[in-house]
Every structure is written in C-alpha cells, then in structure tokens.
Amino acid sequence: MAFRDGSITTFLRLPLLLFCFLLPASFSDATIPSTLDGPFTPVTITLDTSLRGKAVDLPDTDPRVQRYVTGFQPEQISLALSSNYDSVWVSWITGEFQIGTNVTPLDPTTVDSIVQFGTLGDSLIHTAKGSSLVYNQLYPFEGLLNYTSGIIHHVRITGLKPSTAYYYRCGDPTHGMSKIHSFKTMPVSSPTSYPSRIAIVGDTGLTYNTTATISHLVQNSPDLVLLVGDMSYANLYLTNGTGSDCYSCNFSNTPIHETYQPRWDYWGRFMENLTSKVPLMVIEGNHELELQAGNKTFEAYSSRFALPNVESGSTSKFYYSFNAGGIHFVMLGAYIDFARSGAQYEWLKRDLAKFNRSVTPWLVVTWHPPWYSTYTAHYKEAECMKVAMEELLYSYRTDIVFNGHVHAYERSNRVYNYQLDPCGPVHIVIGDGGNREKMAIEHTDEPGKCPDPLSTPDAALGGQFCPSNSTTTGAFCWDHQPPYSALRESSFGHGILEMKNATWALWTWHRNQDTNSQVGDQIYIVRQPDLCPPHNVTT
C-alpha cells in the first residue's frame, strides 16, 4: 500500500496468516489491504498545493486538437461496446463543423457510413454499414453564434468472437477511408473471464492536467475505459470562444448558458489515439446538459456517442447496461427522471432481474453525481436520486459504484443508507480527471464549511430537497470525517480496476504527480456472496 508517511496506522485487522490464506495464491500480496479488513478508520491526505497541476485548457492552436484530415475523410474515431462481446460500435466524423450567425448543416446522405473489418490487417473481408446524422446548437439571441456539426457516423459491427483482435478502417471509399486501426473484443461472459484492466476516469475536460491523466491512463494499457460524465466542458465558454473557470462568475449576464461546441471536436481529436483502439463507455454529466433553442438539451452527448441502450432494452442513451466478461455494468442517468414511477427505474428493475451472477458475478454501477461524498462541492446534491434508487441497488448487492462530479478522489467503506454495512457497495468518487474548474479541496466536516441544506438541491437534478438522516446527531453535516469515508484526497488522476476472479478485484488509484510504479490508493474489493445473498425485491 502506497500511502505517504503518517497516513494510516493500521490496515490489517486480520492476522497476516489468515489474510494470506484468504487471498488467492495466484495474486497474493499481503501488503495490500482488502475490504475484508474493513471498515477502515477514515483518512484524509493533506492537500499538497504544489501539485495543483495546470488547469488551463489546450488552445485551438495545439496540434493535438487540430483537424488532421481534409474533405470528408474520417476523424474523431471512437469505439464503444455493445451489450455483449459479439458486437462493437464504431463512430467517426466527416466534414467540417461550422460556427457563425448563419450556418448550413451538411447533408448526411451524401457520405456513406462503412466499416471494413477482419482478423487480419491485410484482409478486411467483412463490411458493415450504419447511419449518420448532424446536430445543431442554436441560440436565438442577437450576437450569439450558432453551430452545426460535421457528419457523425455510427456503425455496429456484429458476429465478433470473444477475446479476439480485429482490424478495421472506416469511412466512405468515395471520399476516403481511415488508416487501419485495431481493437480486442471483450472475453465471453463467465465467472472465469475478465478484461485485464478497466480504466475509470471522470470530469476530464481538455486541460494540460487532462493530457497528463490520459497519458498515464494509456500507459496502464486498459482494455476498456469508463468515463463517468463531464467530458469536453464546452459549456464553460461563450459562443465566441471566450472561456472561464467559472461560467456563472464571469458570464452572469448572458441570455442563456452558452457553449462553444468546437471544444467537443477538439476533445474528440485529442482522445482519438485512445478511443480508436480501446472502447470508451460514457454516461452523461451536468456539463453535457447544454441548453439551446427550443429547450433542447444534451444534443452533443446524444449525437456524438453510440451506446448500447437499444441492445440493453433501454429507450434512452441516458441509461443502459452491458457485459464485459464476468462483469455486468449498469450506467444510470442522474439528469433524467429517476423516480420510482419513471421509465428509468422500471428499466433498472427489469435489467437487474435478468442479471445472472452465475454468468456475470460482478455488478458495477455508475452515474455522475455521488451519493457518498464528504466534499463541500455538490454535497448531497443527488440525495433525491439516492432516496429513489439506493434500496433497489442494495437489494441486488451492487459491488462497486463509481461517480464523478466532485473534482477529487474519495473511497468509501462498504455503506448503505449512511451506515457501515458489510453488504453495501464500495462507493468511489473519481471526478479528478483534470478539468479547468480545478480540484475540490474543502470538506463539509471542517469548521464553517457545512452548506445550508436548502442550497444543496440542483435544478438539473429536479431541484427538490430530500431530507435524510445521515449523521448520528441529526445534523446536516458531520463534525469529523464520517465513518463511511475511508480515504479522501484532492489530486488529479485515474483508476484501474482488475477483476482477479469471481470474488476478488484489485482497485488502484493513480495520481498524475506519481510515477507509474507508485499508487495513491490500492485495495482488494472482495465479494462475499454467502454473507450477502440478494434480497427479495418488492419495490
């Protein structure tokens, strides 16, 4: 365990001999704690202000965000998983975006959406065709600029074999195909097969900190990447390209919350070196809302990403599920109706009812705003979602929850309804991808830092206040780090999840300032199905 001096006094509450016995010999390391040793005494790593990083956005002159193709050749190529290993989505953009007072959308029917693929790089014998679209970001106010995208293509290639390397190129032969890329399919779903490494990251933006995060992530060679919301941060800009760390602080007089949509194209270009090789699974965050004319929202998110919502029985890209080997991932939407009477909750009940632990032993759930965070930023903002959904997720014995939104790192002890619970999931806040809003550094248990309860609801989450008893005294905040908070630290970074077998998983958090051999946090997360069988679900 790589905590710095004085961080922790004791991790191992089991005798060392017993710990080694419980840990499978193929990956035993008695220096790494496991959740079997918990709950752990809460720890806060003191903020090192010299490691705040460079939370400055890459300019449009940076070569990493400039357009490198001409005409209708493909760019911003990205992969996403379907619901199982046998199909993968390939997405890309052709043609140039336009921004100005008068823009004319491109015609998607003028360029075909074709992927040629095969298991040999010099023999792409299979062809798949898909669909294409453009989207607009329009503002009916004088002086504001409108945007129309390039042509966005989505193609689902099917009939794939598990754990197999495939080569592909995409485009339209009339206008030009991409160079040949490759990817590896997920393993078959079973208790004995898993992706080697899954990278988890959130709230990336496109700053120099972001480039450090993604560079470190790539060096860890993940098979899959989960991004738990807030990607381009295009909504920290006016339509003329003027940006700010705080939109409401500097642009409070604008008639609508503006965005600068080219930041999405810059983000897609920067990410292509990763996303053209490794599937990227995303879920919406608050920065994807992007209100425009006609009260339309989430147009960039809904248009740019191909996601397996249809394959997983969902009618919305805001929530969906998929399998990756022996893991069932559920991606939930916090910025769409989450009430028990709503479509998302009904879909979640159906999805969990079909979930089979004998095929996919692990249940991992993600959404953007956390339910368990002790930072002042966004404290209890998603409490109404928690009230609506936590019991159902607990009933099915969710193993791990990943969130973003709070720009820091925090790992919980196993928890349910604010109480330590050996059958509750481990909640991990990983919203420290590097965006320009900088890090969250204040905690609600510090003197004078507890927010007014009525100030915590977020209009984007429904704007309601849902009271809850989260402390032993009935106060809105604790006066010390709560027992459910195992570790918190304000640093930028990313995480790597490695399933070792049907009951043991290794979680590692890497900080941007560390070398590859160092870790900021590391723990084995251990399932105990005999202790924690699923409950009967009546809600």
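About the thresholds
- Residues numbered from 1 in each chain as written.
- Predicted model: local features only at pLDDT ≥ 70, side-chain atom pairs only at ≥ 80, totals over all residues.
- Heavy atoms only, no water.
- UniProt positions renumbered as here; feature names shortened; annotations may be inferred.
- Helix = DSSP H or I, 4+ residues; strand = E, 2+ residues; numbered from the N terminus.
- Disulfide = S-S within 2.5 Å.
- Axes fitted to C-alpha atoms, helices over the stretch in contact; angles between N-to-C directions.
- Parallel < 35°, antiparallel > 145°, perpendicular 65-115°, else oblique.
- Contact = heavy atoms within 4.5 Å.
- Nonpolar A, V, L, I, M, F, W, Y, C, P; charged D, E, K, R; others polar.
- Phe/Tyr/Trp six-rings, centres within 6.5 Å; stacked < 30°, edge-to-face > 60°.
- Buried < 20%, exposed > 50% of the residue type's maximum accessible area, 1.4 Å probe, protein only.
- Lys NZ or Arg CZ within 6 Å of the ring centre and 35° of its normal.

To continue, consider the UniProt feature "domain: Calcineurin-like phosphoesterase" (unreviewed entry) in the protein. Under the UniProt annotation, "domain: Calcineurin-like phosphoesterase" (unreviewed entry) lies at residues 197–409. Annotation note: span residues 197–409, helix share 29%, strand share 15%, distance between end C-alpha atoms 19 Å.

Right, let's get into the state of the cysteines. By definition, a disulfide is the covalent link that joins the sulfur atoms of two cysteine residues. Counting across every chain of the model gives four disulfides. At a sulfur-sulfur separation of 2.1 Å, the disulfide partner of Cys-246 is Cys-249. Its S-S torsion of about 65° marks the bond between Cys-246 and Cys-249 as right-handed, since a negative value means left-handed. Along the protein, the cysteines engaged in disulfide bonds are linked according to the scheme 1-2, 3-6, 4-8, 5-7 when indexed in sequence order.

This part takes up the packing of helix H2 (residues 208–219) against helix H4 (residues 262–275). For the pair H2 and H4, the least separation of the axes is 11 Å and the interaxial angle reads 10°. Considering their axes alone, H2 and H4 lie roughly parallel with respect to each other. Side by side, H2 and H4 meet where Thr-211, Ile-214, Leu-217 and Val-218 of the first sit next to Phe-270, Met-271 and Leu-274 of the second. Tallied by class, residues from the contact of H2 with H4 come to six nonpolar, one polar and no charged.

On to the packing of aromatic side chains, then. Here the structure, examined in full by the defined rule, presents 25 aromatic pairs. The interplanar angle of 20° and the centroid separation of 6.0 Å between the aromatic rings of Tyr-166 and Phe-183 together place this pair among those described as stacked. Here the residue Tyr-166 occupies a position in strand S11 (residues 165–172), and Phe-183 occupies one in strand S13 (residues 181–184), the gap between them amounting to 17 residues. Comparing Tyr-166 with Phe-183, the two get one shared label, buried. For the pair Tyr-372 and Tyr-418, a centre-to-centre distance of 5.1 Å together with 65° between the ring planes defines the contact as edge-to-face. Remark: Tyr-418 occurs in the loop between strand S22 (415–416) and strand S23 (419–420) and Tyr-372 occurs in the loop between strand S19 (362–366) and helix H7 (383–395); sequence separation between them is 46 residues. Residues Tyr-372 and Tyr-418 agree in their burial class; the two are buried. Of the aromatic side chains, those joined through ring pairs into one cluster are Trp-264, Trp-267, Phe-298, Tyr-301, Phe-305 and Phe-318. The residue whose ring lies beneath Lys-380 is Tyr-418, and the NZ or CZ to ring-centre distance is 5.4 Å.

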